[in-house]
Amino acid sequence: MSAPTPTAPLAPAIDGASRECFHCGLPLPERSHFTATVDGEPRPMCCPGCAAVAQAISDLGLGDYYRLRTARPAGAPAVPEFLREARVYDHPAVQQSFVRRLDGEVREAALILEGIVCAACVWLNERHLRQLPGVLAVDINYTTRRARLRWDDARIPLSRILAAVQAIGYRAYPYDPARAQEVLERERKSQLRRLGVAGVLGMQVMTLAVALYAGADGGIEAEYKTFFQWLSLALTLPVLTYSAQPFFRAAWRDLRARQTGMDLPVALGLTLAFGGSLWATLHGAGEVYYDSVVMFVFLLLGGRYLELMARRRASAAAEGLVNRLPALATRLTGDARAPREERVAASALAADDRVLIRPGEQIPADGTVTDGRSSVDEALMTGEGRPLPKATGDRVIAGSLNIESPLQMRVTGAGQDTQLAAMVRLLERALTEKPALARAADRAAHAFIAVVLPSTALVAAYWWQTGSELWLPIAVAMLVVTCPCALSLATPTALTAAAGNLARRGVLVTRANALEHLARATHVIFDKTGTLTEGRLRLTHTETLDALDAAHCLRLAAAVEGASEHPIARALRDVAGGDVPAAHAIVNTPGLGLSGRITDRTYYLGSPAFIAAATGRTISGDRLERLGRDGQGLAVLADGRAPLAAFTFDDPLRADAPALVAGLRGLGKSVLLLSGDHPAAVRRVAAACGIVAYRGELKPADKLARVQQLQRDGAVVAMVGDGVNDAAALAAAHVSIAMGRGAAVTAAAADLILLSDKLADLGAAWHTARKTLRIIRQNIARAAVYNAVALPAAALGYVAPWLAALGMSASSLMVVANALRLVGRRPPWRAEVRETQERFFRRPPPAA
Amino acid sequence: MEIVYLLIPLVLILAGVVIAALFWAVKADQFDDLEGPAHRILQDDDDRNPKTTEPRSTKNKH
């Protein structure tokens, strides 16, 4: 792979004084030193993006592009049009930003699709791509238009897959937020134009229609009637050919793919109405329905436009997560004391790079702070709004925001290896997977269309045979009034909105079925340590056994523990205060205790048995009994002669645990506590939370057996753990919930991850899950009822064509609007962006 | 009634003008942000640097 590497400043080749980017023609930024080798010459580049593209073009032997092109690409870094669908995307340097390498030659990429107008398009694309040899998995989210594609690079290159998408009339691009925005924007604008044309011309046609209707009653001279009809025809034509184009295109696509799509009935209805009117106009006899045609198109387009906006809102919160990674980073090179700064693409960072983050900038990669002290807003990972202090040695995560002062960090994970990327992948998986409910609705929608077409033909034939003039408007109404899209929309919009809402609170949904199972769970199993409790020991009591005072004993104990990461060591350090003496010659006996020398005297810290063995002195039985009751942690400090002090520890209960348990029991769920801990400790926690069913001293296999037992009895089991232990039981449960800060994201295989690490948010997730399921059911029921009522009504002639168009649009909108209730309090994408900008993006004036 | 032969072409021209205006508006991003301008009037764009006395350049970032 020949990734372009920024090298020391090079004199631009050929036209020596050129200060423009060779690829895009933008002026070079000062101190820019990006180059790419084109035609054997190093060329100056304005940014790493251009450099990567230019290098790729050159390496593919397409350097002629630069000789032949007549126009510079607009906007940097742009890929020239003729290469857009071509091999440039196979180049590793270009793939770096959006492709993830899995085992062997398997690759996974996030794509964005242009031209998806209905749920059937999703189905078509998925089916079409899945049959390509080498494509392993395709999942497309209708709401966000994003696709997750997995393929075997040894069998098929990415460009072939992209070409295959284009062959069936769509366009696929590598997902990048800016491009996604552009695609959406373009689609929105073209819809707006079509809508406008349909509206303005529609009004003219309606005016003429009023005259014609009035004339039909009051008499109109044949001359004017003919004139108005021809005029209506002329005005309807642009509406049909321009505004209604998307419907015809989609219908044609469906026909070619030999399947019944959502737009087929619409296109048929339009053709029928227009064809009938045309015939009437040409023969000067019969009714014209031009007003119905334009009305349809206008209402359907209006409905679609609103739906597009609503869907955008539903997915905004989920999308927000992805857009958080900055594009550029400041890399430090050279001497550590007087480093040189260079701006590089965030995706070009590698482990062990040193990076400078100025206040107001986002952290471009995961890493460890090496210099500086600041506070960092990690809200996107944890939902926690309060900035966290960070100093040397602390870990920072990509996408969080540096607030106060500059930080230097060493990169530990960049690009696709960051926790943010892992999170995004998990969320994406949840959003692109189709839960069983959605698949069933999709199937129903397709079957429904297959029923509508022949029944329309039958009904139309019946009315025609009775000699009624109504057969045409009735057939048209039947074709248009049915709205299978409402069925297909019901589930995905609700899920996307709910997942986005939860992500904003710090609850990550990683599986599509998670919310459904969560809502339906009958049994909730909690783990104890780290789940109901904080998983962090706290010193509860110090009992002196000798002449030394408690504070002194604490300092000695903390000294013996040294820099250990053992929970007891941390608890001791938390309270010991600053002036801990230095211990040396520390000897650790794992599981029992440690010893260390402080000013020529050896101290021991550990379990009573360890102390007894080391000093030959024991603590009296009843004292030990008293200290060790309730299953609390106990450590004894001794010197060579006698025990000095005993410390007891406990693992404090999370403050929000009892409320959550009470809430779950209030919902009628059975709450269980299964733990591997000492039964006394388990009993204490269970009592504090109000859990009746609890078991202690369970091995992982016992927990698994218990989960399976419950499932055999017909329970829907939700299991809450710390995500790392109990993997088997978590995997077996219907839905698993992992408590997790940071690192857990990559490790946990849970369906739901509580990034906020707050149990209260789990309660909120439960609430949202129930609401989601309720809304999905409502949506499906409403869509089904609407169609079941509308079709017969149209067949009997009770539905005028314009009413049919209104009904169809309204039913789609109703479903999407219902799902929008899950988005939450505020429209996130604007308010949040503006808030962030106002708070942080006012850079301090340069210290000149 | 002959007047319609004058009025209708006039109306059509008007419709054409409306459509042209709409296309221009869409192209010029007039529909881009329908909420922002309402809030913008409330925002203080105080100059952070008191030394510059000229009014801030109007940045139409879209």
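Residues numbered from 1 in each chain as written. Chains lettered and ligands numbered in written order. Predicted model: local features only at pLDDT ≥ 70, side-chain atom pairs only at ≥ 80, totals over all residues. Heavy atoms only, no water.

Enquirer: Describe the overall build of chain B, naming the residues involved and giving the relevant values.
Expert: When helices and strands are tallied, chain B shows two helices and zero strands. In chain B, which comprises 62 residues, the share counted as buried stands at 15%. Total accessible area on chain B is roughly 5,400 Å²; 62% of this is exposed by carbon and sulfur atoms. (Helix = DSSP H or I, 4+ residues; strand = E, 2+ residues; numbered from the N terminus. Buried < 20%, exposed > 50% of the residue type's maximum accessible area, 1.4 Å probe, protein only. Areas by Shrake-Rupley, 256 points an atom, 1.4 Å probe, with all protein chains shown as cover.)

Enquirer: If you had to explain the overall build of chain A to someone new, which residues and values would you point to?
Expert: Check the secondary structure of chain A and you find 30 helices and 29 strands. Each of the 848 residues in chain A was classed as buried or not, and the buried ones make up 54%. On chain A, roughly 36,100 Å² of surface is accessible, and the fraction owed to carbon and sulfur atoms is 57%.

Enquirer: Break down a positive patch on the surface for me, with residues and values.
Expert: On the surface, R770, R774, R782 and R821 of chain A cluster together into a patch of positive charge. The class for R821 of chain A is partly exposed, based on a relative accessible area of 44%. (Patch = residues over 30% accessible without salt bridge, like charges linked within 9 Å, V, L, I, M, F, W, Y side chains within 5 Å. Salt bridge = Lys/Arg side-chain N within 4 Å of Asp/Glu carboxyl O. Lys, Arg positive; Asp, Glu negative; His and termini not counted. Charge placed at Lys NZ, Arg CZ, Asp CG, Glu CD.)

Enquirer: Could you give me a rundown of the nonpolar core, with the residues and numbers involved?
Expert: Residue and element names in this part refer to chain A. By size, the foremost hydrophobic cluster in this structure holds 157 residues, and its most contacted members are L270, F526, L532, I737, L762 and W766. Among the elements that take part in this core, helix α28 (residues 759-795) stands out by supplying 14 residues, more than any other. When near neighbours in sequence (up to four residues on either side) are disregarded, L270 contacts L240, A244, F247, F248, V293, F296 and V297. Formed by 22 residues, the second largest nonpolar core is a distinct cluster that contains I568, A576, I598 and L637. (Core = buried A, V, L, I, M, F, W, Y, C linked by side-chain atoms within 4.5 Å. Contact = heavy atoms within 4.5 Å.)

Enquirer: Any chance you could break down the sheet that holds strand β28 (residues 735-739) of chain A for me, citing the residues and the numbers?
Expert: Residue and element names in this part refer to chain A. What the seven strands build is an open sheet, ordered β17-β29-β28-β27-β18-β25-β26; its pairing is mixed. The strands lining the two open edges of the sheet, one partner per strand, are β17 (507-509) and β26 (693-695). This sheet shows a mean twist of 20 degrees between the axes of neighbouring strands, independent of strand direction. Relative to strand β29 (residues 752-754), β28 runs parallel, the two sharing three bridges. Among the inter-strand pairings, M739 is bridged to a residue of β29, identified as L754. With respect to the sheet, helix α24 (residues 679-689) is in contact with β25 (670-674) and β26, its orientation differing from that of β26 by roughly 160 degrees. (Pairing = 2+ DSSP bridges. Axes fitted to C-alpha atoms, helices over the stretch in contact; angles between N-to-C directions.)

Enquirer: Give me the lowdown on the pattern of salt bridges, citing residues and values where you can.
Expert: Residue and element names in this part refer to chain A. Summed over all chains, the structure comprises 18 salt bridges over all chains. We note a salt bridge from D153 to R107, for which the minimum N-O separation is 3.9 Å. Of this pair, D153 sits in the loop between β6 (146-152) and α6 (158-167) while R107 sits in strand β4 (residues 106-114); the two residues are 46 residues apart in sequence, bridging distant segments of the chain. A relative accessible area of 25% places D153 in the partly exposed class. The partner of D527 in a salt bridge is K703, and the shortest N-O contact between them spans 3.2 Å. Pair noted here: D527 is in the loop between β18 (523-526) and α18 (528-532) and K703 is in helix α25 (residues 700-712), with a separation of 176 residues, a long-range link. Each member of the pair, D527 together with K703, is buried. A single network of salt bridges, built from pairs that share partners, joins E108, E126, R130, D139, R148 and R150.

Enquirer: Can you explain the packing of aromatic side chains? Please cite residues and give values.
Expert: Under the counting rule described, the total for this entry stands at seven aromatic pairs over all chains. With a centroid separation of 6.2 Å and 40 degrees between ring planes, the pair formed by Y242 of chain A and F23 of chain B is classed as tilted. One end of the pair, Y242 of chain A, is in helix α8 (residues 222-243); the other, F23 of chain B, is in helix α1 (residues 4-27), on a second chain. On the basis of relative accessibility, which here comes to 26%, the residue Y242 of chain A falls in the partly exposed class. Here the guanidinium or amino end of R193 of chain A rests over the ring plane of F23 of chain B, the centre of that ring lying 5.7 Å away. Over the ring of Y242 of chain A we find R194 of chain A; its NZ or CZ atom is 5.1 Å from the centre of that ring. (Phe/Tyr/Trp six-rings, centres within 6.5 Å; stacked < 30°, edge-to-face > 60°. Lys NZ or Arg CZ within 6 Å of the ring centre and 35° of its normal.)

Enquirer: Could you give an account of the pairing of strand β22 (residues 601-606) of chain A, naming the residues involved and the relevant values?
Expert: Residues and elements named next belong to chain A. Summarising the sheet, strand β21 (residues 593-598) and β22 pair through six bridges and their orientation is antiparallel. Of the residues in β22, the one forming a bridge with G596 is Y603. The antiparallel hairpin formed by β21 and β22 contains two residues in its connecting segment, where T599 sits at a positive phi of about 40 degrees. Of the strand pairs in this sheet, β22 and strand β23 (residues 633-639) are connected by four bridges, and their pairing is antiparallel.

Enquirer: Please provide a residue-by-residue account of unusual backbone geometry, values included.
Expert: Only a minority of non-glycine residues have a phi that is not negative, and only a minority of peptide bonds are not trans. For E697 of chain A, which is not a glycine, the phi torsion comes out positive at approximately 50 degrees. Within the secondary structure layout, E697 of chain A lies in the loop between β26 and α25.

Enquirer: Let's hear about the packing of α8 of chain A against α1 of chain B: which residues, and what values?
Expert: One can describe the packing of α8 of chain A onto α1 of chain B by two numbers: an axis separation of 13 Å at closest approach and a directional angle of 10 degrees. As far as their axial angle goes, α1 of chain B and α8 of chain A are roughly parallel. On α1 of chain B, the residues that touch E223, Y224, F227, F228, L231, L235 and Y242 of chain A of α8 of chain A are V4, Y5, I8, L12 and F23 of chain B. Of the residues that constitute the contact of α8 of chain A with α1 of chain B, the class distribution is eleven nonpolar, no polar and one charged. (Parallel < 35°, antiparallel > 145°, perpendicular 65-115°, else oblique. Nonpolar A, V, L, I, M, F, W, Y, C, P; charged D, E, K, R; others polar.)

Enquirer: Lay out a nonpolar patch on the surface with the relevant residues and their values.
Expert: All names here are of chain B. A cluster of nonpolar side chains, I3, L6, L7, L10, I13 and V17, forms an exposed patch at the surface whose accessible area comes to about 570 Å². With respect to the helices, strands and loops of the structure, L6 is situated in helix α1. Among the residues examined, L6 registers a relative accessible area of 51% and is labelled exposed.

Enquirer: Any chance you could break down the sheet that holds strand β11 (residues 366-371) of chain A for me, citing the residues and the numbers?
Expert: Residue and element names in this part refer to chain A. The strand order across the open sheet built from six strands is β9-β8-β10-β16-β11-β14, with neighbouring strands paired in antiparallel fashion. Two strands bound the open sheet, and with one partner strand each, they are β9 (340-345) and β14 (395-396). With six bridges joining them, strand β8 (residues 328-333) and β9 adopt antiparallel strand pairing. Note that in β9 the partner of R331 across the bridge is E342.

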